[in-house]
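Coordinate analysis (summary)
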Amino acid sequence: MTSSERIVRLYLKSKEVFNEFERIPRDFGTGDLLYSSEIHTLVEISRYNGINLTELANNLGISKSGTSKFVAKLVDKELIIKEKAINNNKEVVFSLSEKGKRACKRHAIFKKQTFAPIIKMIDDLDDTNKEFLAIFLSNLVDKVNNIKTKD
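All values reported here derive from a predicted model rather than from experimental measurement. (Residues numbered from 1 in each chain as written. Predicted model: local features only at pLDDT ≥ 70, side-chain atom pairs only at ≥ 80, totals over all residues. Heavy atoms only, no water.)

**Concerning the packing of helix 2 (residues 36-47) against helix 3 (residues 53-60)**
Interhelical geometry of helix 2 versus helix 3 gives an angle of 120° and a closest axis separation of 10 Å. On the basis of their axis angle, the class for helix 2 and helix 3 is oblique. The chirality of how helix 2 crosses helix 3 is right-handed. In this structure, helix 2 contributes His40, Thr41, Glu44 and Ile45 to the contact, and helix 3 contributes Leu56, Asn59 and Leu60. (Axes fitted to C-alpha atoms, helices over the stretch in contact; angles between N-to-C directions. Helix = DSSP H or I, 4+ residues; strand = E, 2+ residues; numbered from the N terminus. Parallel < 35°, antiparallel > 145°, perpendicular 65-115°, else oblique. Left-handed = near helix turned anticlockwise from the far one by under 90°. Contact = heavy atoms within 4.5 Å.)

Take a look at the structure:
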């Protein structure tokens, strides 16, 4: 195996391990098990209080129907509040409930603790290696996007 093949294999393995990590539902202090997609939906709503479905879907990079499913689950779990927009009775907007705010705060702590070793590993690199890594990953994203569009 060439060193290039080894690097590709290691990258794919890291992606696989991260995807497995993301599939584990977690309790962020509310008594509800939340999947990655659900907690990230909450985080996005916390950033843009009063966001509508279209904006939320665009920000999450998923379809409106997929976003609608997450929202319905989060409303059922009483993590978000769904209400009519003040200036438009046809538009529905979302905000976090107190329970949803608690989940977001606990998620921020979880994220900071979980990724601290990775951040430290990167911080320990010298500036040249950090720049190389940033350029490499950026180029990798571009190449994968090009492969994806050829199919």
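Structure's up, so let's keep going.
**Topic: the nonpolar core**
Core analysis: the largest hydrophobic core is formed by 16 residues, its most contacted members being Leu34, Leu42, Ile45, Ile80 and Ala103. Secondary-structure elements contributing two or more residues to this core are helix 2, helix 4 (64-76), strand 5 (88-96) and helix 5 (98-123). The biggest single contributor to this core is helix 2, with four residues. Leave out the neighbours within four places in its chain, and Ala103 touches Phe28, Thr30, Leu34, Ile39, Leu42 and Leu79. (Core = buried A, V, L, I, M, F, W, Y, C linked by side-chain atoms within 4.5 Å. Buried < 20%, exposed > 50% of the residue type's maximum accessible area, 1.4 Å probe, protein only.)

**Details of the side chain of Ser97**
Considering the arrangement of structural elements, one finds Ser97 in the loop between strand 5 and helix 5. Contact partners of Ser97, with chain neighbours within four places excluded, come to Glu78, Leu79, Ile80 and Ile81.

**Focus on the pattern of salt bridges**
Applying the stated rule across the entire model yields six salt bridges. Arg47 serves as the salt-bridge partner of Glu44, at 2.9 Å between the closest nitrogen and oxygen. Remark: Arg47 and Glu44 occur in helix 2; sequence separation between them is three residues, near one turn of the helix. Glu44 gets classed as buried once you look at its relative accessible area, which sits at 8%. Asp124 serves as the salt-bridge partner of Lys120, at 2.8 Å between the closest nitrogen and oxygen. Its relative accessible area of 49% is what places Lys120 among the partly exposed residues. (Salt bridge = Lys/Arg side-chain N within 4 Å of Asp/Glu carboxyl O.)

**Some thoughts on the pairing of strand 4 (residues 80-85)**
Here strand 4 pairs with strand 5 via six bridges, running antiparallel. Looking at strand 5, one finds that Lys84 is bridged to Val92. What sits between strand 4 and strand 5 in their antiparallel hairpin is a turn of two residues. (Pairing = 2+ DSSP bridges.)

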